[in-house]
Amino acid sequence: MYEKLNNMQKEAVFQTEGPVLILAGAGSGKTRVLTYRTGYLIEEKGVNPYNIMAITFTNKAAGEMRERISEQVGYGAESIWVSTFHSTCVRILRRHIDRLGFDNNFTIYDSDDQKTLMKDICKRLEIDTKIYKERTFLNAISSAKDELMDPVAFELSAVGDYNRQRQAKVYREYQAALKKNNALDFDDLIMKTVELFRADAEVLDYYQERFRYIMVDEYQDTNTAQFELIRTLASKYQNLCVVGDDDQSIYKFRGANIYNILNFEKHFPNARVIKLEQNYRSTQTILDAANGVIKNNEGRKEKALWTENGTGDKIDFEQFDTAYEEADYIAKDIRKKVEAGDYQYKDCAILYRTNAQSRLFEERFVISGIPYKIVGGVNFYARKEIKDLLCYLKTIDNARDDLAVRRIINVPKRGIGATTLNRVQEYADAHDISFYNALRGAEEITTLGRAASKIKPFVMFIQSMRSKAEILGVSELLRDIIEQTGYVTELEAEDTEEAKARIENIDELISKAAAYEDVCEENGEPASLSGFLEEVALVADIDSLDEDQDYVILMTLHSAKGLEFPQVYLAGMEDGLFPSYMSIVADDAAAELEEERRLAYVGITRAKQNLAITCAKQRMVRGETQYNKVSRFVKEIPRELLSGAVRKEKEHKEPKAATYQQAKQIFRAKPYGMPQKPEKSFGTPGNPASLGYQEGDRVRHMKFGEGTVQNIVQGGRDYEVTVDFDKVGVKKMFASFAKLKKV
Ligand SMILES: Nc1ncnc2c1ncn2[C@@H]1O[C@H](COP(=O)(O)OP(=O)(O)OP(=O)(O)O)[C@@H](O)[C@H]1O
Ligand SMILES: [Mg+2]
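For clarity, every value in this text was computed on a predicted model and none was experimentally measured.

About the criteria used
Residues numbered from 1 in each chain as written. Chains lettered and ligands numbered in written order. Predicted model: local features only at pLDDT ≥ 70, side-chain atom pairs only at ≥ 80, totals over all residues. Heavy atoms only, no water. Near = heavy atom within 4 Å. Polar contact = N/O pair within 3.5 Å; in protein donor to acceptor, adjacent residues only side chain to side chain. Areas by Shrake-Rupley, 256 points an atom, 1.4 Å probe, with all protein chains shown as cover. Helix = DSSP H or I, 4+ residues; strand = E, 2+ residues; numbered from the N terminus. Nonpolar A, V, L, I, M, F, W, Y, C, P; charged D, E, K, R; others polar. Salt bridge = Lys/Arg side-chain N within 4 Å of Asp/Glu carboxyl O. Buried < 20%, exposed > 50% of the residue type's maximum accessible area, 1.4 Å probe, protein only. Contact = heavy atoms within 4.5 Å. Pairing = 2+ DSSP bridges. Expected span 1.5 Å × (residues − 1). Axes fitted to C-alpha atoms, helices over the stretch in contact; angles between N-to-C directions. Parallel < 35°, antiparallel > 145°, perpendicular 65-115°, else oblique. Left-handed = near helix turned anticlockwise from the far one by under 90°. Disulfide = S-S within 2.5 Å. 1 Å grid on protein atoms, 1.4 Å probe; cavity = no way out; pocket = protein on both sides within 12 Å on 5 of 7 lines; lining within 4 Å. Points joined across faces, edges and corners; volume = space filled by probe spheres on them. Patch = residues over 30% accessible without salt bridge, like charges linked within 9 Å, V, L, I, M, F, W, Y side chains within 5 Å. Lys, Arg positive; Asp, Glu negative; His and termini not counted. Charge placed at Lys NZ, Arg CZ, Asp CG, Glu CD.

A. Layout of the site of ligand 1. The environment of ligand 1 is formed by 19 residues, the closest being Lys 4, Lys 30, Thr 31, Glu 564 and Arg 606. The contact in question runs from an oxygen atom of ligand 1 to an N or O atom on the backbone of Gly 27, over 3.0 Å. A distance of 3.2 Å separates an oxygen atom of ligand 1 from a polar atom in the backbone of Ser 28. For ligand 1, the accessible surface in isolation is 640 Å², of which the surrounding protein chains cover 84%. Sorting elements by how many residues they give to the shell around ligand 1 places helix H2 (residues 30–43) first, with 3 residues. Of the residues belonging to the shell around ligand 1, the class tally is 3 nonpolar, 9 polar and 7 charged.

B. Main features of the pattern of salt bridges. Within this structure, the stated rule accounts for 54 salt bridges. Across the pair Asp 402 and Lys 180 runs a salt bridge, and its minimum N-O distance is 3.9 Å. Of this pair, Asp 402 sits in helix H18 (residues 402–408) while Lys 180 sits in helix H8 (residues 162–180), and the two are 222 residues apart along the sequence. Classification of Lys 180 as partly exposed rests on a relative accessible area of 29%. Residue Asp 247 is joined to Lys 303 by a salt bridge in which the shortest nitrogen-to-oxygen separation is 2.9 Å. On the criterion of sequence distance, the pair formed by Asp 247 in the loop between strand S7 (240–244) and helix H12 (259–262) and Lys 303 in the loop between helix H14 (284–294) and strand S10 (306–307) is long-range, its members being 56 residues apart.

C. Structural context of helix H16 (residues 358–368). Counting buried residues in H16 gives 8 out of 11 residues, a clear majority hidden from the surface. Within H16, burial applies to Ser 358, Leu 360, Phe 361, Glu 363, Arg 364, Phe 365, Ile 367 and Ser 368. In the segment just after H16, Gly 369 is the residue with positive phi, at about 65 degrees.

D. Representation of the environment of Glu 265. Tracing the backbone through its elements, the reader meets Glu 265 in helix H13 (residues 264–267). The spatial distance from the C-alpha of Glu 265 to the C-alpha of Arg 450 is 69 Å, given a sequence separation of 185 residues. When sequence neighbours within four positions are dropped, the list of residues in contact with Glu 265 reads Leu 21, Val 273 and Lys 301.

E. Structural view of the pairing of strand S12 (residues 348–352). The buried fraction of S12 is high, at 5 of 5 residues. Judged from the 4 bridges that link them, S12 and strand S15 (residues 565–570) form a sheet pairing that is parallel. Looking at S15, one finds that Cys 348 is bridged to Gln 567. Strand direction decides the pairing type here: S12 and strand S14 (residues 552–556), joined by 4 bridges, are parallel. Looking at the pairing, Ala 349 lines up with Ile 553 of S14.

F. Quick peek at helix H5 (residues 111–124). Across its 14 residues, H5 extends 20 Å between first and last C-alpha, which sits within 8% of the 20 Å expected from 1.5 Å per residue. Along its buried surface, H5 packs onto strand S4 (107–109), helix H6 (134–146), H8, strand S5 (183–185), helix H17 (384–397) and H18. N-capping of H5 is provided by Asp 110, with a side-chain oxygen placed 3.1 Å from the backbone N of Asp 112.

G. Representation of the environment of Asp 110 in the model. Position of Asp 110 among the secondary structure elements: in the loop between S4 and H5. For Asp 110, a relative accessible area of 24% translates into the label partly exposed. Separated by 75 residues in sequence, Asp 110 and Asp 185 have C-alpha atoms that sit 6.6 Å apart. Leaving out residues up to four positions away in the same chain, Asp 110 has contacts with Phe 186 and Lys 387. At 3.3 Å, the side chain of Asp 110 forms a polar contact with the side chain of Lys 387.

H. Quick peek at the sheet that holds strand S8 (residues 272–276). Pairing within the open sheet is parallel, and its 6 strands lie in the order S3-S2-S6-S7-S1-S8. Only two strands of the sheet have a single partner each, and these edge strands are strand S3 (81–83) and S8. Shown here is a sheet whose adjacent strand axes are inclined to one another by a mean of 10 degrees, direction ignored. Looking at chain direction, strand S6 (residues 213–216) and S7 are connected through 3 bridges and run parallel. When the bridges of S7 are listed, Ile 214 appears paired with Leu 240. Along the sheet, H2 makes contact with strand S1 (20–24), strand S2 (52–55), S6, S7 and S8, crossing S6 at roughly 165 degrees.

I. Expanded view of the packing of H17 against helix H22 (residues 474–485). Viewed as axis vectors pointing N to C, H17 and H22 meet at an angle of 110 degrees, and their least axial separation amounts to 11 Å. Looking at the two axes, H17 sits roughly perpendicular to H22. Here H17 contributes Leu 389, Tyr 392, Leu 393 and Ile 396 to the contact with H22, which in turn contributes Val 474, Leu 477, Leu 478, Ile 481, Ile 482 and Thr 485. Across the contact of H17 with H22, the residue classes tally to 9 nonpolar, 1 polar and no charged.

J. Focus on the packing of H6 against helix H9 (residues 186–199). Where H6 contacts H9, the two axes come as close as 9 Å, and the packing angle between them is 25 degrees. Relative to H9, the element H6 lies roughly parallel. Note that H6 runs across H9; the crossing there is left-handed. Contacts from Ser 142, Lys 145 and Asp 146 of H6 reach H9 at Asp 187, Asp 188 and Met 191. Of the residues that constitute the contact of H6 with H9, the class distribution is 1 nonpolar, 1 polar and 4 charged.

K. Expanded view of the state of the cysteines. For the structure on display, the rule yields 0 disulfides. Lacking any disulfide linkage, Cys 615 is separated from the closest cysteine sulfur, that of Cys 348, by 20 Å. Judged by relative accessible area, Cys 615 falls into the buried class, the value being 0%.

L. Looking closely at empty space enclosed by the protein. For the coordinates displayed, the defined rule picks out 1 cavity of 30 Å³ or more. Taken together, Gly 25, Asp 247, Asn 291, Ile 294, Arg 300, Lys 303, Leu 305 and Tyr 601 make up the lining of the largest cavity.

M. How the structure looks around a positive patch on the surface. Residues Lys 500, Lys 703, Lys 727 and Lys 731 make up a contiguous surface patch of positive charge. When you line up the elements, Lys 731 lands in strand S22 (residues 729–734). We classify Lys 731 as partly exposed; its relative accessible area is 30%.

This is the structure we're talking about:
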């Protein structure tokens, strides 16, 4: 079995004792080594799976590792802790956070919840959020937590700096409010775990004894808090194996500290350092391109990657006039390759720098009938209906979460107004009790008057649901809530397309709850309401990828870390987009550009067989037409590796500006000093066959029902389709929005 590894990989697998750093380039089998190493520990070294902890970047990677290990060892895989940093910490805190004065059934706040809370706090502190933004406070707090800085330390660091002192005050209030709501934000998960270990020697000892073997993937992206967590846990047995690639460190904006990997040998002086140099993922052409780019970064650990995979095809480089044409080309290229039998849809991935770029592809794919899946973007769990129902569940599970209670108390309408809510809140604050407990004693709140009678049915409803939660499964509980509140009935009455989409989302949530129960049953774990909420809170977008389904995958470069695809399209490779404009004009542009370059390296090395790089001369960004040059990163790729025309352009001068603000203005006014041109049309869709229906066909529209297609003409950017609907008569619509289906 270990014959499938090369000698260096074997060495890394067999070196089970003491600190080990595996530092290696993309696709060299780092993740594979961790998996085999875990198997080896159990099979050959007789280590109890219970004593192993592996930390991966996504829940998906964790799932894969568990799967591979169960194939390898056949037993015990379920008792290894393989999960992300956040899930690991949640599991620890669920058992022990009571030692820090929280309830073990704490709630986890997502960014929406954080913002709501922050709004409240700013209001209370009389801070004008038009001048001082909630986001800015939250970012400052998040960075502080990445660095393990609590409000006290923050305040000490703020001496003589008014702005920071204001932030310190907000931070203190924010933590107090979280505590009162028995809630943690994402950054707290790590920080509180470290705090727990520091505060409680008994708990620390328990976990040190338990996790005698610790492994961490994507180590280059750990931040200070995560490092401290790992260091503390590993300090007793020192069996710590971390793998990473300094060239793939792309999360500086989230506090990733590249020195964690560069200084590993300082922190663990007797560390064994192993380098892997053979790449198993990509062709030599793709590797040469990646090397051509990354070698322009300074201060990196030199690595020589090679492969036996052969030269492979050249990289397809294409520059288009407009972003529409770019999207059109990629859609056609994918269709061509799928029809030729070279690839399935799921072998193809489109990677881009910003989420906004997905829209054009989405439109193209809808028109062409290409199945696709966008990873990231608007998160399922951020949708109103989903949040509402989750807040019902949260209220039932942990009524100390004031935000959740306040969100749903008048959804659907119960005639409880803002004044009433404020009075309840005042009462809760004055008596230092939770909002929900104040509601329970509403009769005693004299200021409420008759409004108290409206609150009573709500409290009774929640109380009855709480007793039900003890016997019903999560999916049944959800159905019950929906039924009794009339949530879906109300949407049905609305009878709009949007309402229908919301109902579909709700169905999806029920399916997820049912799936959760199934998984728990398979693993022999109890399916609890808090367990479900915890899982929901931690779902990273990337985990929604389903490999059994055949669709093209669209995602940002950041979420592509660790993944691989036979055919990769790097879209929007333009200076100003990638590297981002912000990085070009930043005060520390050199460092920012190096970070962007690492991101380019990550992107290129996701490709196994074919890589296409595309860009457009003009595109709309936030409503403005931008004229961009080919990305400097493309120019760093040796020319002979590229096929397609590379145009020679006149050198452009970057806007020279004294300050960042000034630079922004220059950029806005005159993008690289080129004349404004009208945008071109959508390119040449050419063949309406891609719509999946033609004139004379019967089609169905979500809202208008069935009808007959009378006419299809090519409008500027889209097809205009005229349909005679049975119920509502003749309507003209754009194909990409109408989403008509042939019946
Ligand atoms: N010894 C080997 N023989 C054959 N294939 C291998 C070997 N080692 C790794 N691979 C394959 O090479 C590909 C890349 O491996 P893996 O994902 O482990 O690399 P990685 O170093 O973790 O990459 P990244 O830096 O992108 O995370 C995978 O498809 C893996 O199965
Ligand atoms: Mg990997």
